[in-house]
Amino acid sequence: MAKVSIGLRGWRFDEEEVFDEDGEFRPLDEVSEDIRKRLIRLTYLQEKPCDACYLTYGEEEKRRANQAAIVYGEPMEEVLLCADHEADFLYWFREAGGKELVGSERFRDEFHEWFAAGNRAPEGYGGLEHVDTDPSTLPTPPDPAELNRRLNESYEGERKRIDLRTGEITTVEEAEDADGEAPPPLDDVDLGREYPTK
């Protein structure tokens, strides 16, 4: 079974688990919870800046940061990197204790602290050899609107909502308002009453 990265290099998926026979993404309810969470998270991470660049330039100069091309770690604790900073991350991971933090809630924060303190990979430190037959053909996860449409097409009378930050899928009651709270019942409202106008 071939492995493929989607959108960003790093997280690898078994092709047959993610795509159907026609090469289309499988419906979200047909994939495992871990795969679903990663795919949903990838839609949120697309076009985000490299963490290391962001730490270098800060919020005011964020536009100077490279767009992330690589993701490492677990959803919600992932590190986003550009090709220029991948070696720094790999050095931290292999040589500076990062490997011991795999799966920890401190994974991303510890890398950020190490990098912000001025630590870097030594000159010429080897990164990973990526085998990309054609990097431009990396499949892109569906955009959030398409993801929501696909998620809801098989549920009649019940809508689902995807939290792109966490990857959680919840049921939305039809009566919920834009704030996510159900409006008060109309039992006690006097519809015949006259209300003041301006």
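Residues numbered from 1 in each chain as written. Predicted model: local features only at pLDDT ≥ 70, side-chain atom pairs only at ≥ 80, totals over all residues. Heavy atoms only, no water.

Engineer: So what's going on with the packing of aromatic side chains? Residues and values would help.
Structural biologist: This model, assessed by the stated rule, comprises 13 aromatic pairs. An angle of 35° between the planes, with centres 6.2 Å apart, marks the rings of Tyr91 and Trp114 as tilted. Linking Tyr91 in helix H4 (residues 86-95) with Trp114 in helix H5 (residues 107-116), this pair joins segments that are 23 residues apart in sequence. With a centroid separation of 5.1 Å and 90° between ring planes, the pair formed by Tyr91 and Tyr125 is classed as edge-to-face. One end of the pair, Tyr91, is in helix H4; the other, Tyr125, is in the loop between H5 and helix H6 (144-152), and 34 residues separate them in sequence. Connected via pairs of aromatic rings, a cluster forms that spans Tyr72, Phe89, Tyr91, Trp92, Phe93, Phe107, Phe111, Trp114, Phe115 and Tyr125. Of note, Arg38 hangs over the ring of Trp11, and the distance from its end group to the ring centre comes to 4.9 Å. Over the ring of Phe115 we find Arg120, and its NZ or CZ is 3.5 Å from the ring centre. (Phe/Tyr/Trp six-rings, centres within 6.5 Å; stacked < 30°, edge-to-face > 60°. Helix = DSSP H or I, 4+ residues; strand = E, 2+ residues; numbered from the N terminus. Lys NZ or Arg CZ within 6 Å of the ring centre and 35° of its normal.)

Engineer: Got a sec to walk through the environment of Phe107? Specific residues and values, please.
Structural biologist: Structurally, the position occupied by Phe107 is in helix H5. On the basis of relative accessible area, Phe107 is assigned to the buried category, the value being 4%. Separated by 29 residues in sequence, Phe107 and Glu78 place their C-alpha atoms 7.7 Å apart. (Buried < 20%, exposed > 50% of the residue type's maximum accessible area, 1.4 Å probe, protein only.)

Engineer: Residue-level account of the packing of H4 against H5, with values.
Structural biologist: Where H4 contacts H5, the axes come no closer than 11 Å and their chain directions differ by 110°. If you check the angle between H4 and H5, you find them roughly perpendicular. As H4 runs across H5, the sense of the crossing is right-handed. On H5, the residues that touch Asp88, Phe89, Tyr91, Trp92 and Phe93 of H4 are Phe107, Glu110, Phe111, Trp114 and Phe115. (Axes fitted to C-alpha atoms, helices over the stretch in contact; angles between N-to-C directions. Parallel < 35°, antiparallel > 145°, perpendicular 65-115°, else oblique. Left-handed = near helix turned anticlockwise from the far one by under 90°. Contact = heavy atoms within 4.5 Å.)

Engineer: So what's going on with the nonpolar core? Which residues, and what values?
Structural biologist: With 19 residues, the main nonpolar core has Tyr72, Val79, Leu81, Phe89, Trp92, Phe107 and Phe111 as its most contacted residues. Not counting chain neighbours up to four residues away, the residues in contact with Leu81 comprise Cys50, Ala68, Ala69, Ile70, Tyr72, Glu86, Phe89 and Phe111. Counting residues in hydrophobic clusters, the runner-up holds 16 residues, among them Leu39, Leu45, Val71 and Leu80. (Core = buried A, V, L, I, M, F, W, Y, C linked by side-chain atoms within 4.5 Å.)

Engineer: If you had to explain the pairing of strand S1 (residues 3-6) to someone new, which residues and values would you point to?
Structural biologist: When a strand is regular, its side chains alternate between the sheet's two faces. Two elements, S1 and strand S2 (residues 8-14), share four bridges in a ladder whose sense is antiparallel. Looking across to S2, one finds that Lys3 is bridged to Asp14. Turn length for the S1-S2 hairpin, with the two strands adjacent in sequence and antiparallel, is one residue, and the turn residue Gly7 shows positive phi of about 75°. (Pairing = 2+ DSSP bridges.)

Engineer: Describe the pattern of salt bridges, with residues and values.
Structural biologist: Counted under the stated rule, the structure contains 13 salt bridges. Residue Glu61 pairs with Arg64 through a salt bridge whose shortest N-O separation is 4.0 Å. A single network of salt bridges, built from pairs that share partners, joins Arg106, Asp109, Glu110 and Glu113. (Salt bridge = Lys/Arg side-chain N within 4 Å of Asp/Glu carboxyl O.)

Engineer: Break down the state of the cysteines for me, with residues and values.
Structural biologist: Here the structure, examined in full by the defined rule, presents zero disulfides. For the unlinked cysteine Cys82, the closest cysteine sulfur is that of Cys50, found at 3.7 Å. A relative accessible area of 3% means that Cys82 is categorised as buried. (Disulfide = S-S within 2.5 Å.)

Engineer: Explain the side chain of Glu77 residue by residue, including any values.
Structural biologist: Note that Glu77 resides in the loop between strand S3 (70-72) and strand S4 (79-81). In this structure Glu77 touches Ser104, Glu105, Arg106, Phe107 and Arg108, once residues within four positions along its chain are discounted.

Engineer: Can you explain unusual backbone geometry? Please cite residues and give values.
Structural biologist: The phi dihedral of Glu47 falls on the positive side, at around 70°, and the residue is not glycine. As for its position among the elements, Glu47 is in the loop between helix H2 (33-45) and helix H3 (51-57). Taking relative accessible area as the criterion, Glu47 reaches 64% and is therefore assigned exposed.

Engineer: Give a description of H5 that names residues and reports values.
Structural biologist: All of the buried residues in H5 are Phe107, Phe111, His112, Trp114 and Phe115. All buried residues of H5 project into a common sector of 165° when viewed along the axis, lining one side. At its buried positions, H5 is contacted by H3, S3, S4 and H4. (Arc of directions from axis to C-beta.)

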